[in-house]
There are 2 protein chains.
Amino acid sequence: MKIYKANIIHTPTPGKLEIIPHGYVVVKSNGLVEGIYKELPENMDWRRQVMDFGDKLLIPAFNDLHVHAPQYRNMGLALDLELLPWLNTYTFPEETKYADPEYARRLYRRFVHELWMQGTMRSAVFATIHPEATRILADLFIQAGMGAMVGLVGMNRNSPDTLQNTTDEVMAGMKMLKAHLDEHGNGLVTPIITPRFVPSCSDKMLTALGEYAKETGLPVQSHLSENRSEIEWVKQLEPDTTCYGDAYNKYGLFGQTPTLMAHCCYTDGEEMEMMKRNGVYVVHCPMSNSNLSSGMAPIRKFLNAGINVALGTDVSAGHHMSMLRVMQYAIQVSKLNYAQTKGEMQFLSLSEVFYLATKGGGAFFGKVGSFEPGYEFDALLVDDSYLNYDNYTLEQRLERYIYLGDDRDIKRRFCRGVELTEPCFN
Amino acid sequence: MKIYKANIIHTPTPGKLEIIPHGYVVVKSNGLVEGIYKELPENMDWRRQVMDFGDKLLIPAFNDLHVHAPQYRNMGLALDLELLPWLNTYTFPEETKYADPEYARRLYRRFVHELWMQGTMRSAVFATIHPEATRILADLFIQAGMGAMVGLVGMNRNSPDTLQNTTDEVMAGMKMLKAHLDEHGNGLVTPIITPRFVPSCSDKMLTALGEYAKETGLPVQSHLSENRSEIEWVKQLEPDTTCYGDAYNKYGLFGQTPTLMAHCCYTDGEEMEMMKRNGVYVVHCPMSNSNLSSGMAPIRKFLNAGINVALGTDVSAGHHMSMLRVMQYAIQVSKLNYAQTKGEMQFLSLSEVFYLATKGGGAFFGKVGSFEPGYEFDALLVDDSYLNYDNYTLEQRLERYIYLGDDRDIKRRFCRGVELTEPCFN
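Owing to the predicted nature of the structure, the values given are computational and were not obtained by experimental measurement. (Residues numbered from 1 in each chain as written. Chains lettered and ligands numbered in written order. Predicted model: local features only at pLDDT ≥ 70, side-chain atom pairs only at ≥ 80, totals over all residues.)

Right, let's get into the overall build of chain A. A count of helical and extended segments in chain A gives 13 helices and 17 strands. Its C-alpha atoms give chain A a radius of gyration of 21 Å, within 12% of the compact-globule value 22 Å for 426 residues. In terms of overall dimensions, chain A has a C-alpha envelope of 65 × 55 × 35 Å along the principal axes. Residue pairs in contact within chain A that sit at least 24 positions apart in sequence constitute 76% of those at least 6 positions apart. (Helix = DSSP H or I, 4+ residues; strand = E, 2+ residues; numbered from the N terminus. Rg over C-alpha atoms; globule rule 2.2 N^0.38 Å. Contact = placed C-beta atoms within 7 Å.)

Here's what the structure looks like:
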């Protein structure tokens, strides 16, 4: 049992901050939240054990539901092309290097370290086609104590010869990864079925991945309706589908097990209906969508329709690992959408994007992203004292931290109840 | 005479980086650049005096051509309204506090300190209607050694009673400020004529300010065509003008002396022609324009037309003082514009926005923003070693610094040849 005292802020309900000034959160030894309190009950035995964090902020940790680990070296680079030429020119050549486990180990260490630094305690990660490198990545997450769904990528068409796997290879690799994590994992790091996107995967590969999803119940992640040229291409590649989403759906990769679909800039009509019906998550990547000129996803429409929405950095099409930045972009892009539609689509509020970055994405991992009873205690302790020089309210302090803060402000990080110190990989 | 050795990067020409690896910049005792060299001439006496900065980057310092000093407290806050209600609800009440010189001194110290921290060595600043507070701000800039054009704001209509000055008051205040800076200034801090914007200023005030510009040759700054409702309002207020810009022009406040116009989101046709003809600067504030749902300024069109363009944070409608962020937003917004116009307007390149943030805005201060001979030596020494772990080129290092860097990376700051240490205001 642990008790932490601080200014507690979270969003049990979308769009509504719950703020407990100098409140207490009680965390059970299994890492789950027992409850939050304004005052501790008089008869509570462990009143002496309170860890008092003073005037700092205690918030749920961030969840990044779409990020490409092997693109980390290219972060902040090579953002002068649209999606399809960008993949061929910059991204595929970099991912090819992960055939070398030593290269993978060196770069993946940096990647996992930076997730820790930015306060992202859970992530859904694309690796590459390389099983050994992907296993290394999963092991680094285990070593760091952070939660992750790690995806060995399947891709066997329209890609460089040096960056393709066969259906048999991706299946064998996934089974190896699953067996490895079943045996050596801590339950926080799990595999996720990861067809790169429809243009990269033959029908045979999609069929096999869909069957594996059905057999194992494993979750699925991929890309959907990111860019106009991509959507046209999918239409040509899969003529007997009603929409891009249908090209996943017909193989059982669209909500038959829990599913993340990144981008959805142009998702509408039939595709939107299907996502709602199947409980598929939209992973909104506004930083990436701006950098690659992809477009502005209509998140307000998705929320109004009751579709699950999470946020992703999409590094390296997104140029920064901070979920603070993603929240800023999510609001700003929604405001440009609002201006373009002359006010038709109401922009996102700060509390809405805070929800998306914590509980919205956390839901994909279970009870994660909130301090409600029974939730896994994933938290960040934030020291915003340098920003708080003039009697700001706690709501204003959260807002200023989101807009002005960075990794320096995070003083402690917790994942499933355990405080994670800086990863030091040997 | 000073000689600095580092990886030198600047943009003498828009859109074209000049990179001198381990080059030398020679700065004369008057603070002007004598020249940059790949190797020092053999016969140069002062070869012994070289200050070697190793593998760091040496770039021109940043210039913020539109920022509101008295909105500093609200930075990262209160971004849930459009321009006109935002002014009335959040901004005017905060600016009213600057009637108290002690409040002004306390907050302006933080503001000037943060400009220093972010590497912004020159700025064009809106103060408030309060002469005493504005003088305090100017003095803080002098004390810090940084360049600034400081504007006492004129506003006498459509504003709270507590935040208006009369024409006589703004004229008297400006004369006081000019006399003060003529006598006590160092030439780096000068006054700028600052009608808030047309809706805030009566014809009488605009007439007086225009005459003062003509009489003194002082530069002018204001806001133009930021938001649709504002443009409609100006049409009603000034029915005998052909466009918003014309409402400044007819009073001699539109390029008759050097002029900055912030925003220009909807500037086109006649207004664009007039800006070009009169040499008026567009100050592009993409962070602000996103935050207040103002719109996406057509910067590519302005550049193609040969109009002067600079960049501004527009704090606190912009939420951050870093010009790195402004560069990122300038590129990203231009890409969303590109996607919306289906490729008609080519987006801005990294070297183009780097030019705008340095030499583009610097031109308003004279020979500033480049290391060409005769330019004032305004520079930042950047340590990006934590980002440079894998043999990046110098161009890539600059790109990654712009996308991923922050104030921590700036190790030394120079303004007109003088190294500026951290301001410590007594």
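Now that the structure is up, let's keep going.
Residues and elements named next belong to chain A. Structurally, chain A comprises domain 1 (2–61 + 370–419) and domain 2 (62–365). Each of domain 1 and domain 2 has a C-alpha centre, and the two are 29 Å apart. The interface of domain 1 with domain 2 comprises 22 residues on the first partner and 24 residues on the second. Classifying every residue of the side of domain 1 that touches domain 2 gives ten nonpolar, five polar and seven charged. (Domains from an automatic or database assignment. Nonpolar A, V, L, I, M, F, W, Y, C, P; charged D, E, K, R; others polar.)

The operation relating the two chain copies consists of a rotation about an axis and a shift along that axis. Between chain A and chain B, which share one sequence, the superposing operator has a rotation angle of 180° and an axial displacement of 0.0 Å; the RMSD is 0.0 Å. Accordingly, the operation relating the two chain copies is best matched by a two-fold axis. Interface residue correspondence from chain A to chain B reaches 96%, placing this contact among same-surface, isologous pairings. (Least-squares fit on C-alpha atoms with pLDDT ≥ 70 in both.)

On to the sheet that holds strand S14 (residues 309–311) of chain B, then. Residues and elements named next belong to chain B. Strand order in the open sheet made by the four strands is S11-S12-S13-S14, with parallel pairing throughout. A single partner strand is all that each edge strand has here, and the edge strands are strand S11 (220–224) and S14. When strand polarity is set aside, the average angle formed by the axes of neighbouring strands in this sheet is 30°. For S11 and strand S12 (residues 259–263), the ladder comprises five bridges, and the chain directions are parallel. (Pairing = 2+ DSSP bridges. Axes fitted to C-alpha atoms, helices over the stretch in contact; angles between N-to-C directions.)

All names here are of chain B. As defined by bridge partners, strand S1 (residues 2–13) adjoins strand S4 (residues 51–60) across four bridges and the pair is classed as parallel. Across the sheet, the residue bridging to isoleucine 8 is leucine 58, located in S4. Note: S4 against strand S15 (residues 379–382), four bridges, orientation antiparallel. Looking at the pairing, leucine 58 lines up with leucine 381 of S15.

Counting from both sides, the interface comprises 28 residues of chain A and, opposite them, 28 residues of chain B. For the side of chain A that touches chain B, the secondary structure elements donating two or more residues are helix H9 (286–291), helix H11 (323–340) and helix H13 (394–404) of chain A. Among the residues forming the side of chain A that touches chain B, the class breakdown is ten nonpolar, eleven polar and seven charged.

Once that is clear, we can look at helix H4 (residues 167–184) of chain B. Residue and element names in this part refer to chain B. Counted at 1.5 Å a residue, the expected span for H4 with its 18 residues is 26 Å, and the 26 Å between its end C-alpha atoms agrees. Residues Val170, Gly173, Met174, Leu177 and Leu181 constitute the buried set of H4. One side of H4 carries all its buried residues, which in axial view fall inside an arc of 100°. Projecting away from the buried face of H4 at angles above 90 degrees are the exposed residues Asp168, Ala179, Asp182 and Glu183. Looking at the buried side of H4, the elements it contacts are helix H3 (131–144), strand S8 (153–154), strand S9 (189–191) and helix H5 (203–216). (Expected span 1.5 Å × (residues − 1). Buried ≥ 20, exposed ≤ 12 C-beta atoms within 10 Å, placed from the backbone. Arc of directions from axis to C-beta.)

Our focus in this paragraph is the packing of H3(B) against H4(B). All names here are of chain B. In the contact formed by H3 and H4, the axes pass within 10 Å of each other and the chain directions differ by 25°. Here H3 lies roughly parallel to H4, going by the angle between them. At the point where H3 passes H4, the crossing takes the right-handed sense. Mapping the contact onto sequence places Pro131, Thr134, Arg135 and Ala138 in H3 and Gly173, Met176, Leu177, His180 and Leu181 in H4. Of the residues that constitute the contact of H3 with H4, the class distribution is five nonpolar, three polar and one charged. (Parallel < 35°, antiparallel > 145°, perpendicular 65-115°, else oblique. Left-handed = near helix turned anticlockwise from the far one by under 90°.)

With that settled, the discussion passes to the sheet that holds strand S3 (residues 33–37) of chain A. By definition, the strands of a sheet pair up through backbone hydrogen bonds, in either a parallel or an antiparallel sense. All names here are of chain A. Overall, mixed pairing links the seven strands, which are arranged S3-S2-S1-S4-S15-S16-S17 in an open sheet. On the outer flanks of this sheet lie S3 and strand S17 (418–419), each paired with one strand and no other. Taken together, the four bridges between strand S2 (residues 16–27) and S3 define a ladder with antiparallel strand orientation. Across the sheet, residue valine 27 finds its bridge partner in S3, namely valine 33.

Time to look at unusual backbone geometry. All names here are of chain A. Residue serine 316 follows valine 315 across a cis peptide bond; omega there is 10°. Looking at the secondary structure, you find serine 316 in the loop between strand S14 (309–311) and H11. Despite not being glycine, lysine 342 has its phi angle at roughly 50°, a positive value. Here lysine 342 shows up in the loop between H11 and helix H12 (350–362).

Residue and element names in this part refer to chain B. Most of strand S5 (residues 62–68) is tucked away: seven of the seven residues are buried. Relative to strand S6 (residues 120–126), S5 runs parallel, the two sharing five bridges. What sits directly across from histidine 68, in S6, is phenylalanine 126.

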